Amino acid sequence: MSVKRSFDTHIIICLQKKVKIRKENYNMADKIIENNQVSITGKIVTGFYAGRTHNIIENRDCALGVAENKEVLDRVIAHMEKFNIQPYDENTGKGLVRHVLIRYGFFTDEMMVCLIINGEKLPGEEALVKSLCQIPETVSVMVNVNKKRNNVILGEKVRLLWGQPYITDKIGEISYQISPLSFFQVNPYQTGRLYGKA
């Protein structure tokens, strides 16, 4: 039996610095923080923070996630470039897009895309929704507002742009509605097996 991974991906937007970073192998994780930055050449890139730093290891196609994550990132970055949307810079507190949260249902194949922004509105919201809805698994597109200068990913205010305000997934026989602010077990397949033994 083929097992799909349940996955939450967070993408953080900030300025890229050129640094030497050693590549490390990581075990499978179902919740990953992925980061975006604008390189010194002006190109928006995505990736992961190097350990205990805010330096980016560039990567749009993480092998630990679902294939749809790369397509979402490609579309979000293309949208940002088309509408001249600046990524958030932690040093200055300026820029709009802080993170992108992608939630993917382990058993349902439902996907939510939530952009965390340093403002109230995202330019070209309708165009972004149209683009993301071309990915068949998309059931929800949302914006989360976080204007605080801290390292907390999500703010308290969530606004639905399209679809439903949650994805559905399961642990065992119980279904859950999962919003951007919800906690959910990172590996519902394994969690269901453990609950079944308890």
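Residues numbered from 1 in each chain as written. Predicted model: local features only at pLDDT ≥ 70, side-chain atom pairs only at ≥ 80, totals over all residues. Heavy atoms only, no water.

## Looking at the pattern of salt bridges
(1) Moving on: Applying the stated criterion to the full structure yields eight salt bridges.
(2) Moving on: The closest approach of N and O atoms between arginine 60 and aspartate 74, which form a salt bridge, is 2.8 Å. Of this pair, arginine 60 sits in the loop between β4 (56–58) and α1 (68–82) while aspartate 74 sits in helix α1; the two residues are 14 residues apart in sequence, bridging distant segments of the chain.
(3) Moving on: On the basis of relative accessibility, which here comes to 24%, the residue arginine 60 falls in the partly exposed class.
(4) Moving on: Residue class for aspartate 74 comes out partly exposed when judged on its relative accessible area of 26%.
(5) Moving on: A salt bridge links arginine 75 to glutamate 71, with the shortest nitrogen-to-oxygen separation between them at 3.0 Å. With arginine 75 and glutamate 71 both in helix α1 and four residues apart, the pair spans about one turn of that helix.
(6) Moving on: A single network of salt bridges, built from pairs that share partners, joins Arg60, Lys70 and Asp74. (Salt bridge = Lys/Arg side-chain N within 4 Å of Asp/Glu carboxyl O. Helix = DSSP H or I, 4+ residues; strand = E, 2+ residues; numbered from the N terminus. Buried < 20%, exposed > 50% of the residue type's maximum accessible area, 1.4 Å probe, protein only.)

## So, the confidence of the model for the chain
(1) Moving on: When the pLDDT values of the chain are averaged, the result is 80; 79% of them are 70 or greater.
(2) Moving on: Under a pLDDT of 50 for its full length, residues 1–7 has, in the predicted model, 30 contacts with residues more than four places off or in other chains.
(3) Moving on: The low-confidence segment residues 12–33 (pLDDT under 50) makes 70 contacts with residues lying over four places distant or belonging to another chain. (pLDDT = per-residue confidence, 0-100. Contact = heavy atoms within 4.5 Å.)

## Focus: the pairing of strand β9 (residues 167–171)
(1) Moving on: Among the five residues of β9, four are classified as buried, and the element is accordingly described as predominantly covered.
(2) Moving on: Where β9 lies against strand β10 (residues 174–178), five bridges are found, and the strand directions are antiparallel. Paired with isoleucine 171 across the strands is isoleucine 174, a residue of β10.
(3) Moving on: What sits between β9 and β10 in their antiparallel hairpin is a turn of two residues, with glycine 172 showing a positive phi close to 65°. (Pairing = 2+ DSSP bridges.)

## Quick word on the packing of aromatic side chains
Ring pairs (aromatic) are described by centroid distance and by the angle formed between their planes.
(1) Moving on: Enumeration according to the criterion identifies two aromatic pairs in this entry.
(2) Moving on: Note that arginine 98 overlies the ring of tyrosine 88, its terminal NZ or CZ placed 4.2 Å from the centroid. (Phe/Tyr/Trp six-rings, centres within 6.5 Å; stacked < 30°, edge-to-face > 60°. Lys NZ or Arg CZ within 6 Å of the ring centre and 35° of its normal.)

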